[in-house]
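Remarks on the overall topology
Read off the chains here:
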Amino acid sequence: MSTDKQMTLQISAQQIDQFCTELCRGSSNASRKHSALIALEGFIVRHTSTDKYTGIFNRIISIIQEYAEQTRTELLNEYADRLQPALKNRDRTELARIHQSVSRNGFDHLLDQVLEKLAPDLQSALKLWAEEWVTNADSQARQASGYPDALNFKEAGIRLDEYRAMTELKRKLTPL
């Protein structure tokens, strides 16, 4: 069979809405739903040739984006539910997992959402914890590098994902 043959795909706004509804009902995993919607949007944008940027094209992309925004919100809420106990338990590993799973802006938004629910004394304790941990990590990484202006996290035994997450937490808790 020749691999250079093509087929034509026709889809209406109603059909894409129904497909997105079924996709979202078919899984309880918000991450998978969101990824599938983003992939669908990319597929349509990439492979639409003659109808690109027409009214129907824009409507179909808009429908997919509406569903993707819903799954994004659902996903961020799941991360927020995981972030709160991670902060309370000072769990750097979970904090790093969440940090890696979202954009920097998303992580910042999650911190806003979760920190506002925490008592001021817990926020102060978290600030001290983050400041001490980052300061110690910087010192250990600097000593491990052998150079005063360079950091070697690997030789210091510090996970870079944890360092990044803790640095973001410290930044968030330290007012300018």
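Just above, that's the structure.
Keep in mind that what you see is a predicted model, and the values were worked out from it rather than measured.

A word on the environment of Ser-145. Along the polypeptide, Ser-145 turns up in helix α6 (residues 120-145). Ser-145 sits 27 residues away from Leu-118 along the chain, and the two C-alpha atoms are 37 Å apart. Dropping the residues within four chain positions of it, Ser-145 is found in contact with Ala-150, Leu-151 and Asn-152. Engagement of the side chain of Ser-145 in a polar contact is seen with the backbone oxygen of Tyr-147, the distance being 2.9 Å.

Turning our attention to unusual backbone geometry. Positive phi values are uncommon outside glycine, yet Tyr-53 reaches one of about 65 degrees. The residue Tyr-53 is located in the loop between α2 (30-47) and α3 (55-88) in this model. On the basis of relative accessible area, Tyr-53 is assigned to the exposed category, the value being 59%. Phi is positive for Arg-90, which is not a glycine, with a value near 55 degrees. The topology assignment puts Arg-90 in the loop between α3 and α4 (92-101). On the basis of relative accessibility, which here comes to 37%, the residue Arg-90 falls in the partly exposed class.

For the structure on display, the rule yields 14 salt bridges. With a closest N to O distance of 3.1 Å, Lys-172 and Asp-108 form a salt bridge. Here Asp-108 lies in helix α5 (residues 104-115) and Lys-172 lies in helix α8 (residues 160-173), a separation of 64 residues in the sequence. Taking relative accessible area as the criterion, Lys-172 reaches 23% and is therefore assigned partly exposed. We note a salt bridge from Arg-171 to Glu-168, for which the minimum N-O separation is 3.0 Å. With a gap of three residues between them, Arg-171 and Glu-168 both fall in helix α8, about one helical turn apart. Glu-168 gets classed as buried once you look at its relative accessible area, which sits at 9%. Three or more residues joined by partner-sharing salt bridges are found here, namely Arg-104, Asp-108, Asp-112, Glu-168, Arg-171 and Lys-172.

Let us now look at the nonpolar core. Counting 31 residues, the largest nonpolar core has Leu-83, Leu-87, Leu-95, Leu-110, Met-166 and Leu-169 as the members making the most contacts within it. Those elements that place two or more of their residues in this core are α3, α4, α5, α6 and α8. Top element by residues in this core is α6. It accounts for seven residues. Residues in contact with Leu-87, not counting those within four places in the same chain, are Leu-95, Leu-111, Val-114, Leu-115, Leu-118, Leu-126 and Leu-169. Of all hydrophobic cores here, the second largest spans 14 residues; its members include Ala-13, Ile-63, Tyr-67 and Ala-68.

About the thresholds
- Residues numbered from 1 in each chain as written.
- Predicted model: local features only at pLDDT ≥ 70, side-chain atom pairs only at ≥ 80, totals over all residues.
- Heavy atoms only, no water.
- Helix = DSSP H or I, 4+ residues; strand = E, 2+ residues; numbered from the N terminus.
- Contact = heavy atoms within 4.5 Å.
- Polar contact = N/O pair within 3.5 Å; in protein donor to acceptor, adjacent residues only side chain to side chain.
- Buried < 20%, exposed > 50% of the residue type's maximum accessible area, 1.4 Å probe, protein only.
- Salt bridge = Lys/Arg side-chain N within 4 Å of Asp/Glu carboxyl O.
- Core = buried A, V, L, I, M, F, W, Y, C linked by side-chain atoms within 4.5 Å.

In short, geometric facts, not functional conclusions.
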